[in-house]
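Below are the chains, spelled out letter by letter.
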Amino acid sequence: MANDLFRIPVGKWAESGLDWVIENLGAFFDGVKAFFSQFYAGLDWVLTTPPFWAVIVVLAALAFWLKGWKLALGSTIGFLVIYGMNQWENAMHTLALVLVASMVAVIISVPLGIAAAKSSAVSRVVKPVMDFLQTMPAFVYLIPALLLLGVGPVPGIVATIIFALAPGARFTELGIRSVDSEVVEAGQAFGASPMRILRQIQIPLAMPTIMAGINQIIMLSLSMVVIAGMVGGGGLGGAVYAALTGLNTPLGVESGLSVVILAIFLDRVTASLSKVKQHSAA
Amino acid sequence: MNSTIGPPSSALRVTNAFKIFGRKPQEALKALKDGKSRKDVAALGTAAVIDASFEVKPGEIFVVMGLSGSGKSTLIRMLNGLLPMTSGSVHVGDTDISKISGKRLRQVRQKSVSMVFQHFALLPHRTVLENAAYALEIQGVDKKKRTAQATKMLETVGLTGWGDKYPGQLSGGMQQRVGLARALCSETDILLMDEAFSALDPLIRRDMQEQLASLQADLGKTIIFITHDLNEAMFLGDRIAVMRDGEIVQIGTPDEILTNPANEYVASFVRDVDRTRVLTAGSVMENPRAVVSINGGARAALLTMREQQTSGSFVIDRNRNFRGIVTDREVMALIDRGDSDLTEILTRADDAVSSETALNDLFGRSVESNTPLPVVDEKGRLVGAVARATLLAALGNVPSTTDAIQIVEPGQSAGNNDGSQQPAIFAPDPSGEKGGLL
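Predicted model, so just to flag it, every value in this text is computed and none were measured.

Asker: Would you mind going over the UniProt feature "transmembrane region" (unreviewed entry) in chain A in detail, with residue names and values included?
Answerer: Residue and element names in this part refer to chain A. What UniProt calls "transmembrane region" (unreviewed entry) maps, in this numbering, to residues 52-83, 95-118, 138-166, 217-244 and 250-269. Taken end to end, residues 138-166 has its terminal C-alpha atoms 13 Å apart, with 90% of it in helix and 0% in strand. For residues 217-244, the helix share is 79%, the strand share is 0%, and the end-to-end C-alpha distance is 26 Å.

Asker: Please provide a residue-by-residue account of the pattern of salt bridges, values included.
Answerer: A complete count under the given rule lists 16 salt bridges over all chains for this structure. A salt bridge links E185 of chain A to R77 of chain B; its shortest N-O distance comes to 2.7 Å. Of this pair, E185 of chain A sits in helix α9 (residues 181-189) while R77 of chain B sits in helix α2 (residues 72-79), placing the two residues on different chains. Judged by its relative accessible area of 17%, E185 of chain A falls in the buried class. With a relative accessible area of 10%, R77 of chain B lands in the buried category. For the salt bridge of K72 of chain B with E195 of chain B, the shortest nitrogen-to-oxygen distance reads 3.3 Å.

Asker: Before we move on, can you summarise the sheet that holds strand β13 (residues 322-327) of chain B with the specific residues and values?
Answerer: Residue and element names in this part refer to chain B. Taken together, three strands build an open sheet; the order of strands is β11-β12-β13 and the sheet is mixed. At either margin of the open sheet sits one strand with a lone partner, and together these are β11 (291-293) and β13. Strand-to-strand, the axes of this sheet are offset by a mean angle of 35 degrees, without reference to chain direction. With three bridges connecting them, β11 and strand β12 (residues 312-316) associate as parallel partners. Bridge pairing in β12 links V291 to F314. On top of the sheet, helix α14 (residues 297-308) reaches β11, β12 and β13; it is set at about 165 degrees to β11, its chief contact.

Asker: Hey, could you go over unusual backbone geometry for me, with residue numbers and the actual values?
Answerer: Residues and elements named next belong to chain B. Even without a glycine there, the phi angle at D51 is positive, about 50 degrees. Along the chain, D51 falls in strand β2 (residues 46-56). Since its relative accessible area comes to 40%, D51 is described here as partly exposed.

Asker: Please provide a residue-by-residue account of the UniProt feature "domain: ABC transmembrane type-1" (unreviewed entry) in chain A, values included.
Answerer: The feature "domain: ABC transmembrane type-1" (unreviewed entry), as annotated in UniProt, sits at residues 91-270 of chain A in this numbering. Between the C-alpha atoms that bound residues 91-270 of chain A there is a distance of 18 Å. The span itself is 88% helix and 0% strand.

Asker: Go over the interface of chain A and chain B with me, naming the residues and quoting the values.
Answerer: When the parts of a complex come together, some accessible area is lost, and that lost area is often used as the size of the interface. Facing the 21 residues of chain A at the interface are 29 residues of chain B. Regarding the contact of chain A and chain B, the summed buried area is about 2,100 Å², with carbon and sulfur atoms giving 59% of it. Close ionic contact of E137 of chain B with R196 of chain A constitutes a salt bridge, the shortest N to O distance being 3.7 Å. Among the secondary structure elements, those contributing two or more residues to the side of chain A that touches chain B are α9 and α10 (194-228) of chain A.

Asker: Any details on the sheet that holds strand β9 (residues 239-244) of chain B? Residues and values, ideally.
Answerer: Sheets are built from strands paired through backbone hydrogen bonds, the pairs being either parallel or antiparallel. All names here are of chain B. Taken in spatial order, the six strands line up as β6-β7-β8-β3-β9-β10 in an open sheet, and their pairing is mixed. Lying at the two open borders of the sheet, with one neighbouring strand each, are β6 (113-116) and β10 (247-252). Sheet twist, expressed as the average angle between the axes of neighbouring strands with direction ignored, equals 20 degrees. Sitting on the sheet, helix α7 (residues 172-185) is in contact with β6 and β7 (190-194), with an inclination near 180 degrees to β6.

Asker: Mind laying out the packing of helix α2 (residues 26-48) of chain A against helix α8 (residues 153-177) of chain A, listing which residues take part and the relevant values?
Answerer: Residues and elements named next belong to chain A. Taken N-terminus to C-terminus, the directions of α2 and α8 make an angle of 95 degrees; their axes are 9 Å apart at the nearest point. By the angle between their axes, α2 is roughly perpendicular relative to α8. Two secondary-structure elements touch here, α2 through V32, K33, F36, S37 and Y40 and α8 through P153, V154, I157, V158 and I161. Here the residues of the contact of α2 with α8 are counted per class, giving eight nonpolar, one polar and one charged.

Asker: Go over the UniProt feature "domain: CBS" (unreviewed entry) in chain B, please, and point to the residues and values.
Answerer: According to UniProt, the positions carrying the feature "domain: CBS" (unreviewed entry) are residues 285-342 of chain B. As annotated, residues 285-342 of chain B comprises 36% helix and 24% strand, and the C-alpha atoms at either end are separated by 26 Å.

Asker: Tell me what's going on with the packing of aromatic side chains, and back it up with residues and numbers.
Answerer: All names here are of chain A. Going through the model one piece at a time under the given rule, you end up with ten aromatic pairs over all chains. Aromatic pair F79 and F265: ring centres 5.0 Å apart, planes at 70 degrees, arrangement edge-to-face. Taken together, the residues span a long stretch of sequence, with F79 in helix α4 (residues 69-84) and F265 in helix α12 (residues 249-273) at a distance of 186 residues. Residues F79 and F265 agree in their burial class; the two are buried.

Asker: Please set out the packing of helix α7 (residues 138-149) of chain A against α10 of chain A residue by residue, giving values where relevant.
Answerer: Residue and element names in this part refer to chain A. Contact geometry of α7 with α10 gives a least axis separation of 10 Å together with a crossing angle of 55 degrees. By the angle between their directions, the pair α7 and α10 is classed as oblique. Of the two possible hands of crossing, α7 and α10 adopt the one that is right-handed. Residue-level contacts link A138, F139 and L142 of α7 to M224, I227 and A228 of α10. Grouping the amino acids of the contact of α7 with α10 by side-chain chemistry returns six nonpolar, no polar and no charged.

Asker: Please give an account of the confidence of the model for chain B that cites residues and values.
Answerer: Residue and element names in this part refer to chain B. Scored by pLDDT, chain B has a mean of 81; 89% of the residues are at 70 or more. pLDDT under 50 marks residues 1-7. Its contacts with residues more than four places away, or in other chains, come to twelve contacts. Counted against residues more than four places away or in other chains, residues 399-438, with its pLDDT under 50, gives 78 contacts.

Asker: Explain the nonpolar core to me, and be specific about the residues and the numbers.
Answerer: Residues and elements named next belong to chain B. Core analysis: the largest hydrophobic core is formed by 176 residues, its most contacted members being L12 and M193. Split by domain, the residues of this core number at least three in each of domain 1 (7-112 + 188-273) and domain 2 (282-426). Contact partners of L12, with chain neighbours within four places excluded, come to F54, E55, V56, L79, V90, H91, V92, I190 and I224. With 13 residues, the next largest nonpolar core counts A301, V326, I335 and I345 among its residues.

Asker: Can you explain the side chain of T86 of chain B? Please cite residues and give values.
Answerer: Residue and element names in this part refer to chain B. For T86, the position within the fold is in the loop between α2 and β4 (87-92). Given the relative accessible area of 17%, T86 is considered buried. At 2.8 Å, the side chain of T86 forms a polar contact with the backbone nitrogen of I20. Not counting the four nearest positions on each side in its chain, T86 is found in contact with F18, K19, I20, P25, Q26 and L29.

About the thresholds
- Residues numbered from 1 in each chain as written.
- Chains lettered and ligands numbered in written order.
- Predicted model: local features only at pLDDT ≥ 70, side-chain atom pairs only at ≥ 80, totals over all residues.
- Heavy atoms only, no water.
- UniProt positions renumbered as here; feature names shortened; annotations may be inferred.
- Helix = DSSP H or I, 4+ residues; strand = E, 2+ residues; numbered from the N terminus.
- Salt bridge = Lys/Arg side-chain N within 4 Å of Asp/Glu carboxyl O.
- Buried < 20%, exposed > 50% of the residue type's maximum accessible area, 1.4 Å probe, protein only.
- Pairing = 2+ DSSP bridges.
- Axes fitted to C-alpha atoms, helices over the stretch in contact; angles between N-to-C directions.
- Contact = heavy atoms within 4.5 Å.
- Buried area = accessible area lost by both parts, 1.4 Å probe.
- Parallel < 35°, antiparallel > 145°, perpendicular 65-115°, else oblique.
- Nonpolar A, V, L, I, M, F, W, Y, C, P; charged D, E, K, R; others polar.
- Phe/Tyr/Trp six-rings, centres within 6.5 Å; stacked < 30°, edge-to-face > 60°.
- Left-handed = near helix turned anticlockwise from the far one by under 90°.
- pLDDT = per-residue confidence, 0-100.
- Core = buried A, V, L, I, M, F, W, Y, C linked by side-chain atoms within 4.5 Å.
- Domains from an automatic or database assignment.
- Polar contact = N/O pair within 3.5 Å; in protein donor to acceptor, adjacent residues only side chain to side chain.

Structure follows, in C-alpha cells:
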C-alpha cells in the first residue's frame, strides 16, 4: 500500500484545505444551507401538497402545451404507474431536488458560457475547470458537501449542481460561437451595442443549443440526485439506496422504474423546448 | 476620377489604408511601406489591403471588383469600422472613423453608413417587417414610426404584403430585398453592399441589379458595391476599382477600364466581359459623313452622296436635329420630277438611337438598316453614326475611336468612306454652326 519511492500527499492537502474552509467559512455555508433547504422545502411543498391527480393534470398539461397530446397521454400513464407503485411521494421529492439543482446550475452555467463565448481568455480558464468538474467521480463531491452542509437534501443538491454545470456552460459557449457571424456583423453594422447584439441576436439564435445544454443539465441532475440519496437526500434516490442496502428487490425495481419514467418525462419536455420558436427556416 | 480635394466634395474618402492580419501587423506594415511585396511579409502577417486610396462622390455607385482573396471584403469592412485598420484613414463625411470607437463609431453606423450582406444576414426569428425596421429600432425610433417607415421601404423594394412572413419563408432574391429595405430604412447616405447579389440566381441577380440602379436613380444614395463579377461591376458602376492581391490596380469608369486597361491583369480580366452591355452608342460612334441640310435641296444632297460615295445620307434641319434619311435613288426620282423638297422623300425618321443606348440594343436595328445608325443626343440632335462595321470592331476591342474601319462593302451600305474630307464635319460637341452640307 505504502509508496517507497515518493508520495505526494494531495489528499492531505485537500483535507487541510477543507478544514480551513470549515473553520473560516462556516457562516457562509450555513447561509447556503439555509437558502437551499428553504428553496427545496418550498418546491417540495408545492409538489406534494395537492392531491396526486391534480399534479398529474398540471404536468400532462405542460407536456401537451410543449409537445402535444401523445406526450401528455404518455406522461399521464407514466405518473399513474408511479402512483400505483407507491412511489408518488418519493418521485415528487426527487422532482423538487432536480428542479432546484437544475435551476441553480442554469443560472450559473449559462452566463459562464456567454462569458466564455465572448472572451477567449475566459474560455481558456472555464474549459479545464469544466472538464475537471465533469470527470471527477460524482461520489467524491459528496464528501466535502457532507462535511460542510451536513446530512439531508442540501449536500445532494450542491453536489448535483457542481456535477451538472459543465454541459450548460459548454453548450452555451458553443451555441453563441456558432451563430452566423454575418448576422452578428449586421447588428454591428447598423450600430447595435454589444449587449444588444447578445440579447437580440446571439442568445435567440443560440437558443436551440442552449436548450440542449439545459436538457443535459436536467438529465445529469436526475442521475446525480439518485446518487445523492446516499447522503440522506431522500426521494427516489433514498428508496434505491435503501433497496440496495436491504437487498429489497421489489422496492429496487419499483423505485428504479420510477426514476426511468421521470427521466423520460423530463427529457422529452425539455428537448421540445429547444425546438419551440423556430420558423420553418428549412 | 479627378474629384476635387476636400471633405465636402466626397461622401467617403479612403487614404493610404492598410489592413494586415497576423501576429506582427506593425512590422509587416513597415516592410510594406519600405516597398516589400505582399509575399515578402507573409511571415509577419497577411496583408489583406495594401495602401488603398480613393474617394467616392455623393450619389455615385463605386464598385470594388476583384477575385476572392483580393481583399475587397476586408476593404469594405474597414469603411464602417467592422475591421479596425492597421494604418491609414477613412473619412465618412468629415469624420475619420479610424480614430473613433465604441459609441461614436456606432453613431456613425446608425446615421451615415448602412450595409447589405452577401448572405442577407437577416434575423431568422423576426418577421420581415421587424427585420426591415431593425436599423430604426437600434436608433431608438418608436415602434409606430419605424413600422410605417419599414412598410414603405418594403413597398419600395417590391415586397408589399410580405411583412408578416419570416425570412425562412422567402426565396433568396426576396430575402435580399429585405436586406436592402433594412439598409434603406436607416436613411443613411452611404450604402455598403458586400457581394450583395452573388448568392442569387443569375436571372434574379440581373433583376436586382436593375432594381438597384433604378433605386439609386430615385434616392441618390452613395453606394459602394463589392463584387467579383465583372459584368455586374460594369453594369452598375459609375467607377470601378479593380483589386488584386490587396492592392487597387486601377480606378476608372467602366469604359476606361474596358478600353484602356492599366495592366495585363486588368486586361485579362476584361477579356471576357460582355462589351455590348457596357459600351454605348455614344462611346463607339463616329462622325457622320454624309449629312445634308433639309433646306439644301435635292441637288445638294445628290452632290454630297457622290462626294462621299454613298447611296444614302442623313438629313438634319437648321438646329442639327435629325430628320430622317434619303437615298440616292429617291433623290434622283425627285430631281426627275423637277422637285427639290427633301421632306417628301424622308424615311426612317424614328430610326435615331440615343447615345446612351447599349450596343446590345443596336444589333437588331443595325441588321435591318442598310445605312449606319444615326446617333442623337438628348435634344434630338445628330451627333454621330454607328455603322455595322463599327459595331463589330467594338466587340473585338479594335480601337473604336476614328477612321481605320473602312470595311464597308461598297454599294451595300452607306458607310463612311475614305477620308478625303477632313473627318470632323460634324463635331459631336454642340458648338453651333449651320447645318450645311459637309
